[in-house]
Amino acid sequence: MNVRDEETPNQRLARNVNELLGELRVAQAGVQILFGFLLTVVFTSEFREASGFEKAVHLVAVLLAVVSTALLSSPAAWHRILFRAGRRDDILRAGNRAVLAGLVCLAAAITATVSLIAKVVYGPIAMAVVGGLVGVTFAVLWFVVPNFLSNHSGNDTRPSPVPPSDSATAE
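Because the structure is predicted, anything quoted here is derived from the model rather than measured. (Residues numbered from 1 in each chain as written. Predicted model: local features only at pLDDT ≥ 70, side-chain atom pairs only at ≥ 80, totals over all residues. Heavy atoms only, no water.)

Some words on the nonpolar core
Across soluble globular proteins, nonpolar side chains have a tendency to be buried as a group. To keep it simple, the criterion reads: As used here, the term nonpolar core means buried Ala, Val, Leu, Ile, Met, Phe, Trp, Tyr and Cys residues forming a set that is joined through side-chain atoms within 4.5 Å. Buried, partly exposed and exposed residues are distinguished by accessible area as a fraction of the type maximum, computed with a 1.4 Å probe on protein chains only: under 20%, between the cut-offs, and over 50%, respectively. Numbering goes from the N terminus for both helices and strands, where a helix is a DSSP run of H or I of at least four residues and a strand is a run of E of at least two. Any two residues whose heavy atoms approach within 4.5 Å at even a single point are treated as in contact.
Among the nonpolar cores identified, the biggest contains 23 residues, and L24, L38, L72 and V99 are the most heavily contacted of them. At the level of secondary structure, the elements contributing two or more residues to this core comprise helix 1 (9-41), helix 3 (52-82) and helix 4 (88-122). The contacts of L72, once residues within four sequence positions are left out, are L24, A27, Q28, V31, V99, G102 and L103.

This is the structure in structure tokens:
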């Protein structure tokens, strides 16, 4: 018997919330590094000479990083505010949605940033190609692969909602 099979519903919620908060630490580090990079770019002389389009793409990337930061940090704030009220289920449900939205914004911010770099270095065609490839890479790895694995898993390790029947007692 698995330890998870012996969990109470409240213990399972607590574990799931803690796992969610642990996953956020990984995503948050990526957002912080990207955000720091994006903030420093505006203080360079090269940025002052950038076209209006390039500045607009940069601002979009900054705003996406800001929204990603807000979305990815919100479950931790909600946990801090609501956990004593026994609202773990609400934290987990809303937190999952916020994290997915935050990851979409993070992927879009990274895609915009890499696209902008490709545009500045190689031109608009490179921007389109590189941006498309980066966007597709995130979409496939973060969303398509997990969906595929979920739908085609031969070894579903999730606990069954129905307890297994004991053939010795069923007779």
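Read on for the rest.
A short note on the packing of aromatic side chains
Inclusion rule: Two aromatic rings from Phe, Tyr or Trp, using only the six-membered ring of Trp, form a pair when their centres are within 6.5 Å; if the ring planes differ by under 30 degrees the pair is stacked, by over 60 it is edge-to-face, and anything between is tilted. Both a distance and an angle decide whether a charge sits over a ring: NZ of Lys or CZ of Arg must be within 6 Å of the ring centre and within 35 degrees of the ring normal.
Per the stated rule, a full pass over the model turns up two aromatic pairs. Between F138 and W142, the aromatic rings sit 4.7 Å apart at their centres with planes inclined by 70 degrees, giving edge-to-face as the arrangement. Of this pair, F138 and W142 both sit in helix 5 (residues 124-151), four residues apart, which is roughly one turn of that helix. Of the residues examined, F138 reaches a relative accessible area of 17% and is grouped as buried. Taking 6.5 Å as the distance between ring centres and 75 degrees as the angle between the ring planes, the aromatic pair formed by W142 and F143 counts as edge-to-face. For F143, a relative accessible area of 32% translates into the label partly exposed. Pairwise contacts between aromatic rings join F138, W142 and F143 into one cluster. Between K55 and the ring centre of F47, over which it is positioned, the NZ or CZ distance is 5.8 Å.

As for the packing of helix 3 against helix 4
Note the cut-off: Axis definition: a line fitted to C-alpha atoms, limited for helices to the stretch in contact. Angles are taken between N-to-C directions and run from 0 to 180 degrees. The cut-offs work like this: below 35 degrees is roughly parallel, past 145 is roughly antiparallel, 65 to 115 is roughly perpendicular, and the gaps in between are oblique. Crossings are assigned a handedness: left-handed for a near helix turned anticlockwise from the far helix by less than a right angle, right-handed for a clockwise turn.
With their axes 8 Å apart at the nearest point, helix 3 and helix 4 run at an angle of 160 degrees to one another. Comparing their axes, helix 4 and helix 3 come out roughly antiparallel. You can see that helix 3 and helix 4 cross each other, and the crossing is left-handed.

Side note on the confidence of the model for the protein
Stated precisely, the cut-off is as follows: The predictor attaches a confidence to each residue, called pLDDT, with possible values from 0 through 100.
Across the protein, pLDDT averages 84, with 87% of residues at or above 70. Here helix 6 (residues 167-170) stands out as the least confident element of the protein, with mean pLDDT 40; helix 5 is the most confident, with 95. A low-confidence stretch, residues 160-171 stays under pLDDT 50, and its non-local contacts, those more than four residues away or across chains, total zero contacts.

Examining the side chain of K119
The criterion, for reference: Pairing of N or O atoms within 3.5 Å defines a polar contact, subject to two protein rules: one partner must be a possible hydrogen donor and the other a possible acceptor, and residues neighboring in sequence count only if both atoms are side-chain atoms.
Assignment of secondary structure puts K119 in helix 4. In terms of polar contacts, K119 uses its side chain to reach the side chain of E54, at 2.9 Å. Dropping the residues within four chain positions of it, K119 is found in contact with F53, E54, P124 and M127.

A closer look at the environment of L20
In this structure, L20 sits in helix 1. Classification of L20 by relative accessible area gives buried; the value is 4%. Taking the C-alpha atoms as reference points, L20 and P75, 55 residues apart in sequence, are found 8.3 Å from one another.

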